[in-house]
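One letter stands for each residue in the lines below.
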Amino acid sequence: MKAGHVTLVGAGPGDPELLTRRAIRALRQASVVLADDLVADGVLRYVRKGARIVRCGKRGGTVSTQQGFINAMLIAEAARGERVVRLKGGDPFVFGRGGEEVSALRAAGIACTVVPGVTAGIAAPAQLGIPVTDRRWAQGVMFVTGHTQPGAPGPDWRQLALAARGGITLVVYMGMARCAEIAAALLTGGLRGDTPAAVIENGCTPEQQAHVTDLGALADDVQRLGLGAPAVVVIGHVVRATQAPCTEAGENADASEPRAQVLGCG
Ligand code: SAH
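About the thresholds
- Position numbers for residues start from 1 in each chain and track the written sequence from start to end.
- In view of the model being predicted, local features appear only for residues whose pLDDT reaches at least 70, and side-chain atom pairs are presented and counted only at 80 or more, with totals across whole chains, interfaces and linings using the full set of residues.
- Excluding hydrogens and water, the side-chain figures rest on all heavy atoms present in the structure.
- Helical segments are the DSSP runs of H or I of at least four residues, strand segments are the runs of E of at least two, and each set is numbered from the N terminus.
- Residue burial is assigned from relative accessible area. The probe radius is 1.4 Å, only protein chains are included, and a residue is buried under 20% of its type maximum, exposed over 50%, and partly exposed in between.
- In this description, accessible areas are obtained by the Shrake-Rupley approach with a 1.4 Å probe, and a residue is regarded as covered only by the protein chains that are shown.
- Proximity criterion: a residue is near a molecule or strand once any of its heavy atoms comes within 4 Å of it.
- What qualifies as a polar contact is a pair of N or O atoms within 3.5 Å, subject to a donor-acceptor requirement within protein and to the restriction that residues adjacent in sequence count only when both atoms come from side chains.
- As a working rule, the residues Ala, Val, Leu, Ile, Met, Phe, Trp, Tyr, Cys and Pro are called nonpolar, Asp, Glu, Lys and Arg charged, and the rest polar, with Gly in that last group.
- Each domain span listed reflects an automatic or database assignment of domains.
- Within 6.5 Å between ring centres, the rings of Phe, Tyr and Trp (the latter by its six-membered ring) count as paired, and their orientation is classed by plane angle as stacked under 30 degrees, edge-to-face over 60, tilted in between.
- pLDDT runs from 0 to 100 and stands for how confident the predictor is about each residue.
- The criterion used for residue contact is that any of the two residues' heavy atoms lie within 4.5 Å.
- At least two bridges found by DSSP between two strands is the condition for calling them paired.
- Geometry is summarised by axes, namely lines fitted to C-alpha atoms with helices restricted to the contacting stretch, and by angles between N-to-C directions that run from 0 to 180 degrees.
- Buried residues of nine kinds, namely Ala, Val, Leu, Ile, Met, Phe, Trp, Tyr and Cys, make up a nonpolar core once their side-chain atoms join them within 4.5 Å.

Undergrad: Kindly report on the overall build of the protein, identifying the contributing residues and their values.
TA: Scanning the protein for helices and strands turns up nine helices and ten strands. Buried residues in the protein amount to 46% of all 266 residues. When the accessible surface of the protein is summed, it comes to about 13300 Å², and 53% of that surface belongs to carbon and sulfur atoms.

Next up, the structure:
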């Protein structure tokens, strides 16, 4: 039996121009590509003709039932000698279950390499001009999931409120379904209602929708504007950067780039 190989590849947040060169090379060399639902079609155009593309459903709620199946498929394809690419949105190791897949492959004795990707929690805010750290406002950043498995302990929002008060930016992935709960927990934890916040839906894609607000108004705004997944929520004073003058980026912007719809605070 020929030994196959699996490459876990980060597809970035949506725009194919945010793929790394290593990701493109891996896609061109693959004979089988297992792609997450969130991966944009434009990324798949780098897969060579004749290679098989398998779409894997990974949307909220169905993840745990399917992960074992995906692991088994990766192992089976590699064991058949295929050059397998496991293509995941953003970075494979940021809320991507990439770690679990690598563990399953190692346990099965399958060789595996990882190609990092541009994660949505950095790229989507950046598209709006929001740096996740900025020495004027934030000395660090925490990436947090708003979605946890039923029965599993979620993030401690009181502790996170404390961290945010101390100058740590919070970037919440998968938080839209529980946005009101999360905002309320942070407020209860002592984070001020006028702490700036931004929601970026479909960041770095032509469908990008962005809204700048504050923590106190976040949940109402999300509901009123109908914002939903996939989106990241950024909470912290770095969001103020959207108000700062940024002429250089404007001058250099490519007309084909998605335009962020930035609404003012308050
Ligand atoms: N591995 C991915 C995250 C997967 S979890 C990464 O590194 O980006 C899925 C969550 O990522 C979504 O619920 C959303 O919170 C976020 N996300 C993925 N793509 C996004 C995009 N284009 N814009 C905004 N958020 C996105």
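Undergrad: Break down the site of the ligand for me, citing the residues and quoting the values.
TA: Around the ligand, the surrounding shell holds 17 residues, and the nearest of these are Val 94, Thr 119, Met 174, Gly 203 and Ala 231. Measuring from a nitrogen atom of the ligand, one finds a backbone N or O atom of Gly 89 at 2.9 Å. Within the backbone of Ala 120, an N or O atom sits 2.9 Å from an oxygen atom of the ligand. In isolation the ligand offers 550 Å² of accessible surface; the protein chains occlude 91% of this area. Broken down by class, the residue content of the shell around the ligand amounts to eleven nonpolar, five polar and one charged. Both domains that meet at the shell around the ligand, namely domain 1 (5–115) and domain 2 (120–242), each give it at least three residues.

Undergrad: Give a detailed account of unusual backbone geometry, specifying residues and quantitative values.
TA: With omega at -5°, the peptide bond leading from Ala 229 into Pro 230 counts as cis. Phi is positive for Arg 97, which is not a glycine, with a value near 60°. Unlike most non-glycine residues, Asn 202 shows phi in positive territory, near 50°. Look at Asn 202 and you get partly exposed, because its relative accessible area is 21%.

Undergrad: So, the packing of aromatic side chains: which residues are in play, and what are the values?
TA: Summed over all chains, the structure comprises two aromatic pairs. Ring geometry for Phe 143 against Tyr 173: centres 6.0 Å apart, planes inclined by 80°, an arrangement best described as edge-to-face. Placement of the pair is Phe 143 in strand 6 (residues 140–145) and Tyr 173 in strand 7 (residues 168–173), with a sequence separation of 30 residues. Since its relative accessible area comes to 8%, Tyr 173 is described here as buried.

Undergrad: Provide a residue-level description of the confidence of the model for the protein, including the pertinent values.
TA: The predicted coordinates of low-pLDDT regions are not to be read in fine detail. When the pLDDT values of the protein are averaged, the result is 90; 88% of them are 70 or greater. In this model, residues 246–260 is a region of pLDDT below 50 whose contacts with residues beyond four sequence positions or in other chains number ten contacts. Scored below 50 in pLDDT, residues 262–266 shows ten contacts in the model against residues more than four places distant or in partner chains.

Undergrad: Help me get a handle on the side chain of Thr 7, residues and values and all.
TA: Structurally, Thr 7 is set in strand 1 (residues 5–10). Here Thr 7 falls in the buried class, since its relative accessible area comes to 12%. A polar side-chain atom of Thr 7 sits 3.4 Å from a polar atom in the side chain of His 5. Not counting residues up to four positions away in its chain, the partners in contact with Thr 7 are Ala 26, Val 84, Val 85, Arg 86, Thr 113 and Val 115.

Undergrad: Tell me about the sheet that holds strand 4 (residues 83–88), and name the residues and values.
TA: Strand order in this open sheet of five strands is 3-2-4-1-5, and the pairing throughout is parallel. Where the open sheet ends on each side, the last strands, each with one partner, are strand 3 (52–56) and strand 5 (111–115). Averaged over all neighbouring strand pairs, the angle between strand axes comes to 20°, with direction disregarded. The pairing of strand 2 (residues 32–36) with strand 3 spans five bridges and is classified as parallel. Across the sheet, the residue bridging to Ala 35 is Arg 55, located in strand 3.

Undergrad: Got a sec to walk through helix 5 (residues 120–127)? Specific residues and values, please.
TA: When helix 5 is considered as a whole, its buried residues turn out to be Gly 121, Ala 123, Ala 124 and Pro 125. On its buried side, helix 5 packs onto strand 6, strand 7, strand 8 (196–201) and strand 10 (231–235). Looking at the residues trailing helix 5, positive phi occurs at Gly 129, about 85°.

Undergrad: Outline the nonpolar core, supporting the account with residue identities and numerical values.
TA: Ranked by size, the top nonpolar core spans 22 residues in total, and within it Leu 186, Val 199, Leu 218 and Ile 235 carry the most contacts. Counting residues per element, the ones that place at least two in this core are helix 6 (157–165), strand 7, helix 7 (179–188), strand 8, helix 8 (215–225) and strand 10. Setting aside chain neighbours within four positions, we find Leu 186 in contact with Trp 157, Leu 160, Ala 161, Leu 170, Leu 191, Leu 215 and Ile 235. Ranked by size, the runner-up nonpolar core spans 19 residues in total, among them Val 39, Val 43, Tyr 46 and Ala 51.

Undergrad: If you had to explain the sheet that holds strand 10 to someone new, which residues and values would you point to?
TA: The mixed open sheet is built from five strands, whose spatial order is 6-7-10-8-9. Looking at strand neighbours, the two that pair on one side only are strand 6 and strand 9 (209–214), the edges of this open sheet. Strand after strand, the sheet turns through a mean of 15° between neighbouring axes, direction not considered. In this structure, strand 8 lies alongside strand 10, joined through five bridges in antiparallel fashion. Considered in strand 10, the bridge of Ala 198 is made with Val 234. Packing against the sheet, helix 5 makes contact with strand 6, strand 7, strand 8 and strand 10, and its axis sits at approximately 75° to strand 10. The sheet contacts of helix 8 involve strand 8, strand 9 and strand 10, and relative to strand 9 the element is tilted by about 145°.

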